[in-house]
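Architecture and fold: a report
Residue-level listing of the chains:
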Amino acid sequence: MQDQAENTKPEVKSSKKDSILRLITVLVAVAFIFLLFLFFQLRNKKQIQDEVIIEQYPTPVILQIGSLTLQKSDKNQSAEQNKALNIDVLANSGEKSIVGYDLVFTFTEDEFEVLTATSLLEDFSLYRIKEKDYFIVTGAKKLDTIASAIFDNTPVLRLTLKPKKKGELTLGLANNLNKERTQMVDEDTQVLFPQVSELKIDVK
Amino acid sequence: MIQSKLFSNPNYRKVVIILLIAFLAVSIVALRQIGLRLRAAPGIPTLSFSTNPSTLQEGQNFDLMLQVNPNNASFYAFELYANYDPNQVEFQNPTNLGQNITSSFILIKSEVDTSTNTITVVGTKTGSAFSGSTNMELARVKMRVISGASGSVDFNWSGITKLGSNINKELIDGSFQIGGGGGIVPTGGVPGGPDFNLDIPSITVPGGTSVAARGEAIDVQVFLKTDTQQVKSVDFVLPYDDSILTFQDDSGDLSQNIEIDPDSGFNTQFVIKKVDTNQKKIFLALVTSLAGQDPVPINSSSDILIATVKFAVRPDAPDGVVELVPDTASTIYNMQTQNVITCVGGYRFVVGAGGGTTPPDIIPSSYPTIPQGVTYTPIPSLPPGGVTNTPYPTNPPWVYNTPFPTYPPIGGGKTIGLDISLILQGILTRPNQFNTIPVKVTVQSLFAQAILTATANFSVDNNGIWTGQVTFNNLPESDDYAVYIKGPKHLQKRICESAPSEVFPGNYSCTGGLITLQAGSNSLDFSGVFQLAGDLPSQDGLVNSYDISLVRNNLGNTDPSVLSMADLNFDGIVDSQDYSLVIASVAFRSDDTLY
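Conventions adopted
- Residues numbered from 1 in each chain as written.
- Chains lettered and ligands numbered in written order.
- Predicted model: local features only at pLDDT ≥ 70, side-chain atom pairs only at ≥ 80, totals over all residues.
- Heavy atoms only, no water.
- Disulfide = S-S within 2.5 Å.
- Helix = DSSP H or I, 4+ residues; strand = E, 2+ residues; numbered from the N terminus.
- Buried < 20%, exposed > 50% of the residue type's maximum accessible area, 1.4 Å probe, protein only.
- Pairing = 2+ DSSP bridges.
- Phe/Tyr/Trp six-rings, centres within 6.5 Å; stacked < 30°, edge-to-face > 60°.
- Axes fitted to C-alpha atoms, helices over the stretch in contact; angles between N-to-C directions.
- Parallel < 35°, antiparallel > 145°, perpendicular 65-115°, else oblique.
- Contact = heavy atoms within 4.5 Å.
- Nonpolar A, V, L, I, M, F, W, Y, C, P; charged D, E, K, R; others polar.
- Lys, Arg positive; Asp, Glu negative; His and termini not counted.
- Salt bridge = Lys/Arg side-chain N within 4 Å of Asp/Glu carboxyl O.

**Overview of the state of the cysteines**
Residues and elements named next belong to chain B. One pass over the full model with this rule turns up one disulfide over all chains. The disulfide bridge from Cys-496 ends at Cys-510, spanning 2.0 Å between sulfur atoms. On the sign convention where negative means left-handed, the S-S torsion of about 80 degrees between Cys-496 and Cys-510 marks this disulfide as right-handed. Taken together, the residues Cys-496 in the loop between strand E34 (493–495) and strand E35 (515–517) and Cys-510 in the loop between E34 and E35 connect sequence positions 14 residues apart.

**A short note on the pairing of strand E13 (residues 197–203) of chain A**
Residues and elements named next belong to chain A. Most of E13 sits out of view: five of its seven residues are buried. Note that strand E8 (residues 167–173) and E13 share six bridges and pair antiparallel. Along E13, the bridge assignment pairs Gly-172 with Glu-198.

**Considerations on the packing of aromatic side chains**
Counted according to the given criterion, the structure contains 16 aromatic pairs over all chains. Grouped by ring-pair contacts, the aromatic residues Phe49(B), Phe62(B), Phe155(B), Trp157(B) and Phe176(B) constitute a single cluster.

**As for the sheet that holds strand E20 (residues 281–288) of chain B**
All names here are of chain B. Pairing in this open sheet of four strands is antiparallel, and the strands run E19-E20-E16-E25 from one edge to the other. Two strands bound the open sheet, and with one partner strand each, they are strand E19 (266–276) and strand E25 (331–334). The average undirected angle you get between the axes of adjacent strands in this sheet is 10 degrees. Direction of pairing for strand E16 (residues 231–239) relative to E20: antiparallel, over a ladder of seven bridges. Bridge pairing in E20 links Asp-235 to Ala-285.

**A word on the packing of helix H3 (residues 545–552) of chain B against helix H5 (residues 576–586) of chain B**
Residue and element names in this part refer to chain B. Where H3 meets H5, the closest approach of the two axes is 9 Å, and the angle between their N-to-C directions is 170 degrees. On the basis of their axis angle, the class for H3 and H5 is roughly antiparallel. From H3, Asp-547, Ile-548, Val-551 and Arg-552 reach across to H5, where they touch Asp-578, Tyr-579, Val-582, Ile-583 and Val-586. Partitioning the contact of H3 with H5 into residue classes produces six nonpolar, no polar and three charged.

**Examining the side chain of Arg552(B)**
Note on placement: Arg552(B) falls in helix H3. Despite its burial, Arg552(B) pairs with no opposite charge, the nearest such side chain being Asp144(A) at 6.4 Å. Sequence-distant contacts of Arg552(B), defined by excluding residues within four places in its chain, comprise Val99(A), Lys141(A), Lys142(A), Leu143(A), Thr145(A) and Tyr579(B).

**Examining the sheet that holds strand E24 (residues 320–324) of chain B**
All names here are of chain B. Here three strands make up an open sheet; going across it, the order is E14-E27-E24 and the pairing mixed. Looking at the sheet topology across the chains shown, the edges are occupied by strand E14 (211–212) and E24. Of the pairings in the sheet, the one linking E14 to strand E27 (residues 347–351) comprises two bridges and is parallel in character. For Val-211, the partnering residue across the bridge sits in E27 and is Val-350.

So this is what it looks like as structure tokens:
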């Protein structure tokens, strides 16, 4: 009996070892299959992501709304050669709340020099591009501004010019110039193409 | 029993070991794919305060500096909210409080809320991220100690202060003794330390962007801050971009444009001044005066003007942002000849474009009338009839609105492959969205009269380098190619060298192609030049109000369709960092076009 009991002890130990090995084998197999599954899922996801990249984008909505007009800031000021002259831009946004705008000013190089542009709206920041015969101002509503900005013939920008010669000189806002456009963008990211104007200035 | 024998079988154990090894290998591969990489953890950035001058007296004007030590973390944007005690301090400009705040970085928001006594500064660094492990000034606030105030002036960071995408940070409040002589004592302490910084008073716009006109003379003032150190000598190095800046007196010795301030305390006789036009750097070496055999150390509680560099903006300078930043090779030696420089401060301004805003006086809303002496002439350009919806032409995906004309080569075309590596503005590591993007590549050779365009997918690595291969099947070999790169949300960049670099992000510009393309594979490393983000879908070759508004109107949005258009740094959310990136590109405005 004692011999029998002694003989069974190694078998019990061996059985325990085998159980652990079986458990490890099963775990390894499950983990292996899981990782393979994960790997292929990831590959598929990457392929799907590539497809997402080439999705069509929604086209921006363009509305022909509003107007932009130019006028002297001081109506009584006469324009004189080589003397700074302030011109205001008045905007009408057709009841749309505006978050950004681009203004393309055109003039003849030997007639005007643009000295500066100043926002008349505290909530808007300005970015300017100055070229020989055109001047572009981009206005962007500041991030922290919540109040809506509906323009109702509202002075939005003051342009300070220096007339370089006498006579009737013309300052214009252009609908298009190369790729640039005079436009406003509302809070739904709709693009507004406003009616634009030019201003003839009698310089003495 | 059979199973026991099986598991006792040595061969079976070998199989188990092989399986374990395979499991480990697959685990490593899978984890790499998932992106769970082991990486060195960056440090935690530290935000702190300092003042200039470092000692405060009642009734005294001072600058409060909001500064960061990135501690090797990387981030672009900062949202700083600092609380002050109105019983201790006031602002130097009491009417427009926001104008008391200046920064050498682009500020999106700079304001003071007197109801909560909070200073708010939101801004960004363009191009490269904040990095390194020295203190950098993020913004400066012009303040005054109230007359009769005593004790200490305290500044506290608000808990909503953010760096980058709200990465971990350490906030060190500041407490400065009024009438104390011990210098800056930030609570928890990280003192400022000696530095060089620059100023250009003639073009400084408080609270806005400084603008210099072409041809304008700009005097760049070089300041030394000694902090608590006794300074014996300094070496100052200032790189400059000679495509934008020249010197006011360029007739002879250019070093004449460096004027040493006689009141700086440095010896004005033993001075090394040099303008290296090849390296495009200004060198200046100064030592203090001697008293007998001993140097007289320089120490001051406020910035010391040591020199003025008389630059001028070139008449033919391109539009763009200019950054003047002292080289980090600059040194400040103390009496023990230890280099004690902690950081350098630069100056940013815009040439020919951009600029600050001036607040309005009055916003009248009256109807415009035609003034005397001015003829108002409306342009009859639009048809009557009110509102019509006119959608943009529908673009096929990733086909650009303004494609180049494609000139097939005259003859002798070969199969030429381009292996291109790129870096995108605002992306420094592998982003969590869009690891593959389409990039349009155009090659142009005047000699071979060839212009060809192809679009290829580029993939990103862990360092934010995007690589892709483009193959042109019928392209002649030539050594005068220029390559045009246009990313899906980016301005097109013309590149003329096979391994270009730029001093400041966005500044690279070229006109003549110098790239040699031969049959087979050609390696082009464009990772030294940032592709500026901002021309968002549907792309029109411009960064304008549409792009800015698209980001602004979608702040906080995580919708995939919106992310595909307005998430510029591919981090999975449209946020202030994306806004900062698009604003930074406005000054560059448009695609580089064919020459």
